[in-house]
Amino acid sequence: MDTVGRKRQVLVLLLFWSFFFLCQTSKAAAAKIPSNLNYTKYRQVSNLRLERIERHLDKINKPSVFTIESPDGDIIDCVHKRKQPALDHPLLKNHKIQKVPPEIPKLKMVKTDGVRDVSNSSKSSDERLGAVNWQLWHKNGQRCPKGTVPIRRSKVNDVLRAKSLYDFGKKKRHGLPLARRVDAPDVVSGNGHEVPTFAHLYIFLFLLFYIWIWGQHFCLVLYAEIYGAKATINVWDPSIEVVNEFSLSQIWVLSGSFDGSDLNSIEAGWQVSPELYGDSRPRLFTYWTSDAYQATGCYNLLCAGFVQTNSRIAIGAAISPVSSVEGNQYDVTILIWKDPKLGNWWMVFGDNTLVGYWPAELFTHLADRATMVEWGGEVVNSRANGEHTSTQMGSGHFAEDGFRKASYFRNLEIVDSDNSLSSAQDISILAENTNCYDIKSDYNNEWGTHFYYGGPGKSPQCT
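Here we summarise the structure given alongside this text. (Residues numbered from 1 in each chain as written. Predicted model: local features only at pLDDT ≥ 70, side-chain atom pairs only at ≥ 80, totals over all residues. Heavy atoms only, no water.)

Notes on the sheet that holds strand E1 (residues 66-69)
Test applied: Strands are labelled as partners when DSSP assigns at least two bridges between them. Helix and strand assignments follow DSSP, with helices taken as H or I runs no shorter than four residues and strands as E runs no shorter than two, numbered in order from the N terminus. Every axis corresponds to a line fitted to the C-alpha atoms, with the helix fit spanning only the stretch in contact, and the corresponding angles, defined between N-to-C directions, vary from 0 to 180 degrees.
Read from one edge to the other, the open sheet built from three strands follows the order E1-E2-E5, with strand pairing classed as antiparallel. The open sheet terminates on both sides in strands that have one partner only, identified here as E1 and strand E5 (148-152). Sheet twist, expressed as the average angle between the axes of neighbouring strands with direction ignored, equals 25°. Both E1 and strand E2 (residues 75-80) contribute to a ladder of four bridges, which runs antiparallel.

Written out as structure tokens, the structure is:
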């Protein structure tokens, strides 16, 4: 073989082994990429994008007085109250943090401090966990100093899981409350639009009770003046099929039009959101918007707005313990209401733990009162494989399975104009399709107005 031939042979061999090595390396790398929630650490990020992300994180991660590492990997920064993100909002430049606690509406439920264990009787609470014990970051016994507020630190990977930096910490506009899709006097001029990416189970007070599961509806009409809402919500850890889906259970306090850009919404509850938090733990969350989820508002303290006053509760932190099928049942009580004196919308955890407030300056329609309240669940259905998601709602069980299996909301109440609580009553349900998730409401003296809800999602009957 001549010299040229040998060179060609060597070149072919080099190309072959280079290609072989490259294939094996790619396979090995692919094998290392998990199908779980940590995929973002394998994503290539340009220096420019990384710089933008870090600048944004510098704005929301305020300098801490003290830092606590949670067993679940969260980092909790104890930030001085006057340095928290809320006060960066242009509408709050001259805002003074409300120091005098508001008058909490008269409560009709048995007193509790936070997460309730309702395991020792058929449907009642005999044991309770203190408000300082229900979040995982409390487990090591450390607390934020007086005069500071605990804020869950956001990291680069948290932002990378979002579609973009702009989308980080925000709900998608197609997550608008479903009341916008039906007509309701004085509140909304619906256009019948349906977005097949979310499944909802709602009880709407003042406007309607409404469930939407791929175009299926459940309806109720009920009228009242509303200055707040309350519920006790069963806590579970529903499974999530893909990272950009979530499952939540919450209260919505709403005002404004649903077919425009001026919807005001205040929200709180628990959610499992791998995209937002990087895991599958249920977490306390809040949300607000004053323009129908367009430019204003965010989850938790990921933007300026919500003013935190409590030094023991970290919004966005994991809830522990959680309920189990045929086992212990735990629930959290959340109250959102308008302070009749200063007009701020406050949030209470349990019966008497003030968490903080949404200043009245943030809102237009809610500066007066709410025109609708919703209680219920929501699931993102991305149809990743062309089929309905298997992401669970609530416990993953249907409503008819009842206590210790199906998830529930109980003691649904509203705040009246005289700053007192009254039970939401006279609920009627029209059900069209319950193949994916369903709901069943009832009333008794102990649980007041309540409902079971949820389901497993994808099944032979739900595709």
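Next comes the rest of the write-up.
Quick word on the pairing of strand E9 (residues 228-234)
Along any regular strand the residues' side chains alternate between the sheet's two faces. Operational definition: Only protein chains enter the accessibility calculation, which uses a 1.4 Å probe; a residue is then buried when its area is under 20% of its type maximum, exposed when over 50%, and partly exposed in between.
Counting buried positions over the seven residues of E9 gives seven, a clear majority of the element. Neither face of E9 is left uncovered, since the one carrying Gly228, Lys230, Thr232 and Asn234 and the one carrying Ala229, Ala231 and Ile233 both have all their residues buried. As paired strands, E9 and strand E14 (residues 330-338) are joined by seven bridges and run antiparallel to one another. Of the residues in E14, the one forming a bridge with Gly228 is Trp337. By the bridge criterion, four bridges tie E9 to strand E18 (residues 407-415) in an arrangement that is antiparallel. Among the inter-strand pairings, Ala229 is bridged to a residue of E18, identified as Ile414.

Looking at helix H2 (residues 47-60)
Think of an α-helix as turning once every 3.6 residues; residues three or four places apart then point the same way. Selection rule: Helix span is expected to be 1.5 Å times the residue number reduced by one. When we speak of the arc, we mean the arc of directions from the helix axis to the C-beta atoms. Contacts are residue-level and defined by heavy atoms, with any inter-residue pair within 4.5 Å sufficient.
The end-to-end C-alpha distance of H2, which contains 14 residues, comes to 20 Å, matching closely the 20 Å that a straight helix rising 1.5 Å per residue would cover. Here H2 has its buried residues at Ile53, Leu57 and Ile60. The buried residues of H2 all sit within an arc of 60° when viewed along its axis, so they share a single face. Pointing more than 90 degrees away from the buried face of H2 are the exposed residues Asn47, Leu48, Asp58 and Lys59. Here the buried face of H2 lies against helix H3 (156-160).

Geometry only, nothing functional implied.
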